[in-house]
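# A closer look at the structure
Residue strings, one per chain:
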Amino acid sequence: MTKAEMSSSSDESVPLSESIKRKHENINYDLDSDYDSDDALSKQPKKKKKSKKHKNKKIKIKEESEESDDDEAISKKLEKKKKKKSKEKTVEKETDSLSKTIKKENSKSNVKKEEEEEEQQQQQQAEDSKEESYKWWEDDKTNDEGWKSLVHNGVMFPPDYKPLPSHIKLYYDSQPVELPPEAEEVAGFYAALLETDHGKNPVFQKNFFHDFLQVLKENKGTLNGIEIKSFDKCDFSKIHAYFELLKEEKKKMSAQERKQLRLERQKEEEPYKFCELNGRREQVGNFRVEPPDLFRGRGKHPKTGKLKRRVQPEDIVLNLSKDAPIPVPPEGHKWGEIRHDPTVQWLAMWRENIFDSFKYVRLAANSSLKGQSDLKKFEKARELKKHIDTIRKDYRRNLKSKIMLERQKAVAIYLIDVFALRAGGEKSEDEADTVGCCSLRYEHVTLQPPNIVVFDFLGKDSIRFYQEVEVDKQVFKDLIIFKRPPKQPGHQLFDRLDPSILNKFLQSYMPGLTAKVFRTYNASKTMQDQLDLIPNEGSVAEKLLRYNAANRTVAILCNHQRSVTKGHAQSVQKANARIKELIWQRIRLKKAILQLDKKQRKKNPKYFSEIDDLTKEDEIEIHEKIIERETEKYHRKFLRENDKRKFEDEELLEEKVLNEWLEKVEALKEEFKEELKTGKVEIKPALNTVEKLEKQIERLDLRIETSSIQLKDKQENSEVSLGTSKINYIDPRLSVVFCKKFGVPIEKIFTKSLREKFTWAIESVDENWRF
DNA sequence: GTTATAACTTAGTAACGTGTAG
DNA sequence: CTACACGTTACTAAGTTATAAC
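As a convention, each chain's residues are numbered from 1 in the sequence order in which they are written. Note on labels: chains are lettered from A, ligands numbered from 1, in written order. Owing to the predicted nature of the model, reporting of local features is limited to residues with pLDDT of at least 70; listing and counting of side-chain atom pairs is limited to 80 or more, with chain, interface and lining totals taken over all residues. Based on all heavy atoms of the structure, the side-chain values leave hydrogens and waters out of the count.

## Examining the overall build of chain A
Where we set the bar: Helix numbers and strand numbers start at the N terminus; a helix is a DSSP run of H or I with at least 4 residues, a strand a run of E with at least 2. Only protein chains enter the calculation, and the probe is 1.4 Å; a residue is then buried if its accessible area is under 20% of its type maximum, exposed if over 50%, and partly exposed in between. Throughout, a contact is declared for two residues whenever any of their heavy atoms are within 4.5 Å. Note on areas: Shrake-Rupley with a 1.4 Å probe; residue coverage comes only from the protein chains shown.
A count of helices and strands for chain A gives 24 helices and 15 strands. Expressed as a percentage of the 771 residues in chain A, the buried residues total 41%. Of the contacts made within chain A by residues no fewer than 6 positions apart, 72% connect residues no fewer than 24 positions apart. Accessible surface computed for chain A: about 45,100 Å², of which carbon and sulfur atoms make up 51%.

Laid out in structure tokens, this is it:
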């Protein structure tokens, strides 16, 4: 990998506040020269010049006090709804408090009762949403002017910091350190990540430590005079161990405690979960303000580990109707600003301190606003169908254009269209070095005549894009030209291009056409084509497998990856072993058949041939595995049983009992030994005829097949993430049509939340719909 | 044109919770 | 019935793009 080394030193020895504000100098480039006369380097090397301007506009507070009287209408409305609900719940509440008093004597029935209540609540909610659901997709009026009214309760703040117990401390040079709570919190953020990749990353450590010292300084240093200077002398392990302990305790919590906690949580977030948009109740998405933490940048991020500071109400801008009641800010605080901008979709926003960019609180994915944008996105992609032929014809022609800019545009669009590359905007120094189409550099493509191209670069989220592909002959020639000396590593391949030039050009074909539309278009198109190939036959499970295979093609096209889970290799191994064992069982049954009737082998040699494939070593291995498993089983059973008895004050089982159990295993072991020696198998007495054995074998065949298919699926999916394309790229109507036509329940394909997000698709499409 | 800003979509993963094998 | 693997959701980082400002 030739990833350019990034200087991550820019923040060293600069106080936090300074580093946030600092502007990078703008560098002047010589931009004029004439490319076509071969001065390819006019812009090269393209230094990262995007400087971070920090407006630090103090968010002004517009006083909106006069408005508060007009709110009544809406608040009344809200109240009415609440009343309706609370009326229904008063009864429940009474029984609730009642049951609480009985709780101690009769906790079991209480759990049941609570469960019932919750079920009722959920049903109630489901009914509510059904009754209120607004089918915007059946409306033809378009809401171009933005929302008409927006009423909400603001945002939910994370809890205040709770200092560690006094015996849990940071150690410096083996001395306990008394930290002010503000600094202790930051130390805790790091301690929590101590054993993770982040915690071990030197850049992360450096950035964390810098900001940690800064916070310490802001709070007048340690309380016991210890001066912290070196990261290496800091020992976070006690804090880390304490967090681990907390985790353990949390794991051990009983069902009731969990439920209690969940109920509390639900109650707390209740006011924030919904808002009223144009008079209708809609779900809010991320109503929780992001809690302070260490910034976990992905890939080689220069800023990873920096402190993401706590957001105060004063940092937050709320956006709502003029006549909406203004949510009450937390005690002793004021909102940064109240705004009434119906042209935007956010309910609240704040500026974060890592990049000085904005974070928004917006509606949930199942909201009408998001749904409408989504539909619009897919309709735009479908619109591209009408233009794609022209566009392709044009870029093929322009691959040979005399004008270099045209040639670059042509190649870029080719890459975006064929390999689903992203636009590739410019990035600044203090971000990870990742690229897309327009920002590809010399070192990211290797050319192997006659027309093989190797792409190797880090894309969004520092996910590697590696592909060896054959390209159009002319594209290959153009890439040679784009890489011609004096260009060298570090130089831009498309030195005349950026996404805005490209997008402007694309708009000439179709209004609203941009680079990203190609990804949506090609993803959905691919899905349609793949689904068309699926025959309408077989079980639902088979159809699902086919659907997932189609989904996977799309995910691969879009390079949607996921890291293999830690247990993956192991679980594949386990599954393999399981299959091996099943085969072994099958072989044993076949042997048993031959023991009953030797002539069978002559009749069907192929059927029995696998018997010879089983080696002694394999057999021994399987035997050992089974013995091991059985032994473990009894040990576990023993421990569990005694745990239970201890708890219930009963007499404990003696070691003797365990040994008795284990004798069974010993017996099995002997049997296996015997079997190995003589080659004779002993099968359950019930299976005493050839027919019965054959039937059993048939069953095994089936199990082996399904296990094998599942395993294959699992392996093929281990590095591919299907979710992203399902959520963002594949027109949901394709999936709906598939389900309708093939008799597959939609629940098999869309989870509950996806069904809510895609209700517009589920309810609006008949089975003849095509992308 | 270039650069900055704002607002929106897309993305992987950690945390959570649930179904199911044993 | 439990344990645990696995699917789902919550979270927030990291993109794109339109538009304003220079």
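## Thoughts on helix α4 (residues 181-192)
Quick note on the threshold: Expected helix span is taken as 1.5 Å per residue step, with the number of steps being one fewer than the number of residues.
For α4, spanning 12 residues, the distance from its first C-alpha to its last is 16 Å, which sits close to the expected 16 Å at 1.5 Å a residue. Along α4, the residues that are buried comprise Ala183, Glu184, Glu185, Val186, Ala187, Gly188, Phe189, Tyr190 and Ala191. Packed against the buried residues of α4 are α5 (197-200), α6 (202-218), α7 (237-252), β7 (293-294) and β8 (307-308).

## A look at the pattern of salt bridges
Stated formally: In what follows, salt bridge is the name for a side-chain nitrogen of Lys or Arg lying within 4 Å of a carboxyl oxygen of Asp or Glu.
Taken as a whole and assessed by the stated rule, the structure comprises 41 salt bridges. The residue Lys135 makes a salt bridge to Glu763 at a minimum N-O spacing of 3.0 Å. Of the two residues, Lys135 is situated in the loop between α3 (107-132) and β1 (150-151) and Glu763 in the segment after α24 (759-762); the sequence distance between them amounts to 628 residues. Classification of Glu763 as partly exposed rests on a relative accessible area of 39%. We note a salt bridge from Arg397 to Asp394, for which the minimum N-O separation is 3.4 Å. One end of the pair is Arg397 and the other is Asp394, both in helix α9 (residues 368-398) and 3 residues apart, which spans about a single turn. Judged by relative accessible area, which is 53%, Arg397 ranks as exposed. Taken together, the shared-partner salt bridges in this structure form one network comprising Glu379, Arg382, Asp731 and Arg733.

## Things to note about the protein's contact with DNA strand C
To keep things clear, this is the line we draw: The nearness test applies per residue and asks whether one of its heavy atoms lies within 4 Å of the molecule or strand. Identification of polar contacts relies on pairs of N or O atoms within 3.5 Å, with a donor-acceptor requirement for protein atoms, meaning one able to donate a hydrogen and the other able to accept it, and with residues adjacent in sequence counted only if both atoms are side-chain atoms. Here the nonpolar group is Ala, Val, Leu, Ile, Met, Phe, Trp, Tyr, Cys and Pro; Asp, Glu, Lys and Arg are the charged ones; every other residue, Gly included, is treated as polar.
Neighbouring residues of DNA strand C: 28 residues in total, closest Lys359, Gly424, Lys427, Lys516 and Lys714. In DNA strand C, atoms within 4 Å of the protein come from the sugar-phosphate backbone in 96% of cases. Measuring from a phosphate oxygen of DNA strand C, one finds a backbone N or O atom of Asp461 at 3.1 Å. Contact between DNA strand C and Gln507: a phosphate oxygen at 3.5 Å from a side-chain N or O atom of the residue. Where the surface near DNA strand C is concerned, the elements lending two or more residues are α12 (499-507), α13 (515-532) and α23 (752-757). By residue class, the composition of the surface near DNA strand C is 4 nonpolar, 11 polar and 13 charged.

## Some points on the UniProt feature "active site" (unreviewed entry) in chain A
Put simply, the rule is: UniProt positions are given in the numbering used here, feature names are shortened, and annotations may be inferred rather than shown by experiment.
Per the UniProt record, "active site" (unreviewed entry) is annotated on Tyr729. Considering the arrangement of structural elements, one finds Tyr729 in the loop between α21 (723-728) and α22 (732-742). Classification of Tyr729 as buried rests on a relative accessible area of 15%. Not counting residues up to four positions away in its chain, the partners in contact with Tyr729 are Phe378, Arg519, Thr520, Ala523, Ser524, Cys558, His560 and Thr724.

## Thoughts on the environment of Phe476
Examined against the element boundaries, Phe476 turns out to sit in helix α11 (residues 473-482). Taking the C-alpha atoms as reference, Phe476 lies 9.9 Å from Leu399; in sequence the two are 77 residues apart. Once you skip the residues sitting within four places of it in the chain, Phe476 turns out to touch Leu447, Gln448, Pro449, Pro450, Asn451, Ile452, Val453 and Val471.

## What to know about the environment of Tyr442
Within the fold, Tyr442 resides in the loop between α10 (404-419) and β13 (445-448). Sequence separation of Tyr442 and His491 is 49 residues, and the distance between their C-alpha atoms is 5.5 Å.

## Thoughts on the packing of aromatic side chains
Formally: Only Phe, Tyr and Trp rings take part, Trp by its six-membered ring, and two of them pair if their centres are within 6.5 Å. Stacked means planes under 30 degrees apart, edge-to-face means over 60, and tilted covers everything else.
All chains considered together, the criterion is met by 32 aromatic pairs. When the centroid spacing of 6.3 Å and the interplanar angle of 40° are considered together, the rings of Phe209 and Phe212 count as tilted. With Phe209 and Phe212 both in helix α6 and 3 residues apart, this pair spans about one turn of that helix. Residue Phe209 is classed as buried on the basis of its relative accessible area of 9%.

## Description of the pairing of strand β11 (residues 348-351)
Condition: Any two strands with at least two DSSP-identified bridges between them are counted as paired.
Where strand β9 (residues 316-319) lies against β11, 3 bridges are found, and the strand directions are antiparallel. Bridge pairing in β11 links Leu318 to Ala348. Sheet topology places β11 next to strand β12 (residues 358-361); 4 bridges connect them, and they run antiparallel. If you follow Trp350 over to β12, its bridge partner there is Lys359. Between β11 and β12, which pair antiparallel in sequence order, lie 6 residues; one of them, Asp356, sits at a positive phi of approximately 65°.

## Notes on the nonpolar core
Note the cut-off: Residues grouped as a nonpolar core are buried Ala, Val, Leu, Ile, Met, Phe, Trp, Tyr and Cys residues, joined through side-chain atoms within 4.5 Å. Where a domain begins and ends is set by an automatic assignment or by a domain database.
Leu415, Phe455 and Phe494 are the most contacted members of the largest nonpolar core, which has 76 residues in total. In terms of residue count, the dominant contributor to this core is α10 (9 residues). Of the domains in this structure, domain 3 (371-513) and domain 4 (527-563 + 719-762) are the two that each give at least three residues to this core. Apart from the residues lying within four places of it in its own chain, the contact partners of Phe494 are Gln408, Val411, Ala412, Leu415, Cys437, Cys438, Leu440 and Phe482. Listed in part, the 32 residues of the second largest apolar core include Ile587, Leu693, Ile704 and Leu711.

## Describing the sheet that holds β1
Backbone hydrogen bonds are what pair the strands of a sheet, in a parallel or an antiparallel way. This is how it is decided: Here an angle of 0 to 180 degrees is reported between the N-to-C directions of two axes, which are lines fitted to C-alpha atoms, with helices fitted over the stretch in contact.
Strand order across the open sheet formed by 3 strands is β1-β5-β6, with antiparallel pairing between neighbours. Taken across any chain shown, the strands that pair with only one partner, and hence form the sheet edges, are β1 and β6 (280-283). Together, β5 (274-277) and β6 form the strand contacts of helix α8 (residues 255-273), whose direction differs from that of β5 by roughly 15°.

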